[in-house]
Amino acid sequence: MGKKIFSGVQPTGNLHLGNYLGAIKNFVDLNNDKDNNCIFCVVDLHAITVKQDPKELKNNIRETVATFIASGIDSNKSIIFNQSSVAAHAEGAWILSCVARMGWLNRMTQFKEKAGKDKEKASIGLYSYPVLMAADILLYDATHVPVGDDQKQHLELCRDIAQKFNNDFDVENFLQVPEPLIQKEFSRIMSLKDGSKKMSKSELSDLSRINLTDNKDEIINKIKKAKTDPLPMPQDIKELDERLEARNLLGIYSSLTNSTLENSVKNFAGKNFSEFKEQLAEELVKKIEPISKEIKKLLGDKSFLDEILLDGVEKANLIASKKIERIKEIIGF
Ligand code: ADP
Ligand code: TRP
């Protein structure tokens, strides 16, 4: 049986190698399986949980669509749309926020990380962010949700919300309880400057990440400058527990070359980092440069990108508006 796939990416600029290896690469594989029905959402409502520049936001929405297409997602096979254009997402989020419990949300580690020390100043949207994410998924009866490792907790919350709704209103299996699709290995790509921190859009230093719009020279330069340790390349996979930067770079290499971490360690055991880095940069350029060029090309044709969104919005709306109507009936509206 084919899967119903739903996933989302925030249009907050600087899509990077972590987004690609952790999520988008997986989207492409799922989209290529003709038995699956895939929906990929540009989650602009999620983006405004932190301050956005309106002009940049508009460009970033298009850039996210361009990144999907440039990475190999076929808009004829999948629905690509932006969240704010389908009203059911905001409606659904409100209704589900009356199902979700404070205690559940209080456990969310992403909120704690993103809100930082001054929680009082965080937006309410940042706090209820995972409820909106649950609405996204549940409106489409998604069976599987491909995400990076950092979203696992939000998916568990989504499952809890679906189950509670079904129980509270005595509608068994009405909301589909989705399964996360998280890659077993390399599901968390770390910063090139600090192997204990996730590669992230919001990290100040651009040298900490490979952006999907980086050109060949930028990629080579960033890998050259990536943090390592003074020892030669590890001889044994066990060493990686304490050598976080080496683990991350070898993980990236393994993911790009579809090899296991063990094999990659064996390949470079005892060599100098510089030799390994050359090979890693070569693999990255091979993978990322074509995507980067294609994104830039697509960004030159705004009406093409807008049409993809318009078409996607229409299709998504058809599905989501039916589901929200049923939800309202069940509630007693
Ligand atoms: P973020 O602000 O975390 O980059 P996004 O909404 O853009 O948020 O994330 C899109 C997808 O990319 C999600 O599935 C997320 O889990 C994944 N992702 C983000 N950063 C990483 C990373 N460093 N390693 C692996 N996957 C990641
Ligand atoms: N919260 C996800 C992230 O930060 C993005 C997202 C929003 C999402 N809605 C979703 C992912 C629905 C999967 C399904 O990465």
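Residues numbered from 1 in each chain as written. Chains lettered and ligands numbered in written order. Predicted model: local features only at pLDDT ≥ 70, side-chain atom pairs only at ≥ 80, totals over all residues. Heavy atoms only, no water.

Side note on the overall build of the protein
And then number 1: Counting its secondary structure elements, the protein contains 13 helices and five strands.
And then number 2: Counting over 333 residues, the protein shows a buried share of 50%.
And then number 3: On the protein, roughly 16,600 Å² of surface is accessible, and the fraction owed to carbon and sulfur atoms is 49%.
And then number 4: Counting 48 positive and 49 negative side-chain charges, the protein places the centres of these two groups 2 Å from one another. (Helix = DSSP H or I, 4+ residues; strand = E, 2+ residues; numbered from the N terminus. Buried < 20%, exposed > 50% of the residue type's maximum accessible area, 1.4 Å probe, protein only. Areas by Shrake-Rupley, 256 points an atom, 1.4 Å probe, with all protein chains shown as cover. Lys, Arg positive; Asp, Glu negative; His and termini not counted. Charge placed at Lys NZ, Arg CZ, Asp CG, Glu CD.)

Points about the site of ligand 2
And then number 1: Around ligand 2 sit 13 residues in total, of which His-46, Tyr-129, Met-133, Asp-136 and Gln-151 are the nearest.
And then number 2: In this structure, an oxygen atom belonging to ligand 2 sits 3.5 Å away from a side-chain N or O atom of Gln-10.
And then number 3: Here Asp-136 contributes a side-chain N or O atom positioned 2.7 Å from a nitrogen atom of ligand 2.
And then number 4: Within the complex, the protein chains bury 91% of what would otherwise be the 370 Å² of accessible surface of ligand 2.
And then number 5: Mapped onto the shell around ligand 2, the elements with two or more residues apiece are β1 (4-9) and α7 (124-138).
And then number 6: Of all the elements, α7 adds the most residues to the shell around ligand 2, at four residues. (Near = heavy atom within 4 Å. Polar contact = N/O pair within 3.5 Å; in protein donor to acceptor, adjacent residues only side chain to side chain.)

Here's the deal with the packing of α7 against helix α8 (residues 152-168)
And then number 1: Where α7 contacts α8, the two axes come as close as 9 Å, and the packing angle between them is 65°. The orientation of α7 with respect to α8, classified from their angle, is roughly perpendicular. The hand of the α7/α8 crossing is right-handed. In this structure, α7 uses Tyr-129, Pro-130, Val-131, Met-133, Ala-134, Ile-137 and Leu-138 to contact α8, whose residues at the interface are His-154, Leu-155, Leu-157, Cys-158, Ile-161 and Ala-162.
And then number 2: Class assignment of the residues belonging to the contact of α7 with α8 gives a composition of 12 nonpolar, one polar and no charged. (Axes fitted to C-alpha atoms, helices over the stretch in contact; angles between N-to-C directions. Parallel < 35°, antiparallel > 145°, perpendicular 65-115°, else oblique. Left-handed = near helix turned anticlockwise from the far one by under 90°. Contact = heavy atoms within 4.5 Å. Nonpolar A, V, L, I, M, F, W, Y, C, P; charged D, E, K, R; others polar.)

Considerations on the domain arrangement of the protein
And then number 1: Here the protein is described as being made up of domain 1 (4-187 + 302-331) and domain 2 (206-297).
And then number 2: At the junction of the two partners, domain 1 supplies 15 residues and domain 2 supplies 19 residues.
And then number 3: Across the domain 1-domain 2 interface, the total number found is zero salt bridges.
And then number 4: Taken together, domain 1 and domain 2 are joined by two residue pairs in polar contact (both at pLDDT 80 or more).
And then number 5: When contributions to the side of domain 1 that touches domain 2 are tallied by element, the ones reaching two or more residues are α1 (17-32) and α3 (54-71).
And then number 6: A per-class count over the side of domain 1 that touches domain 2 returns eight nonpolar, four polar and three charged. (Domains from an automatic or database assignment. Salt bridge = Lys/Arg side-chain N within 4 Å of Asp/Glu carboxyl O.)

Here we look at the site of ligand 1
And then number 1: As a structural note, the neighbourhood of ligand 1 is formed by 17 residues, with Gly-148, Asp-150, Ile-189, Met-199 and Lys-201 the closest of them.
And then number 2: Between Gly-18 and ligand 1, the recorded distance is 3.1 Å, taken from a backbone N or O atom to a nitrogen atom.
And then number 3: Between Asp-150 and ligand 1, the recorded distance is 2.4 Å, taken from a side-chain N or O atom to an oxygen atom.
And then number 4: The fraction of the free accessible surface of ligand 1 (540 Å²) that becomes covered by protein chains is 94%.
And then number 5: Sorting elements by how many residues they give to the shell around ligand 1 places α1 first, with four residues.
And then number 6: Classifying every residue of the shell around ligand 1 gives five nonpolar, eight polar and four charged.

Digging into α7
And then number 1: Between its first and last C-alpha atoms α7 spans 21 Å; for 15 residues at 1.5 Å apiece the expected length is 21 Å, and the two agree.
And then number 2: In terms of burial, α7 is a largely internal element, 12 of the 15 residues being buried.
And then number 3: Residues Leu-126, Tyr-127, Tyr-129, Pro-130, Val-131, Leu-132, Met-133, Ala-134, Ala-135, Asp-136, Ile-137 and Leu-138 constitute the buried set of α7. (Expected span 1.5 Å × (residues − 1).)

Some remarks on the packing of aromatic side chains
And then number 1: Going through the model one piece at a time under the given rule, you end up with 11 aromatic pairs.
And then number 2: Through a chain of ring-to-ring contacts, three or more aromatic side chains come together here, namely Phe-6, Phe-81 and Tyr-140. (Phe/Tyr/Trp six-rings, centres within 6.5 Å; stacked < 30°, edge-to-face > 60°.)

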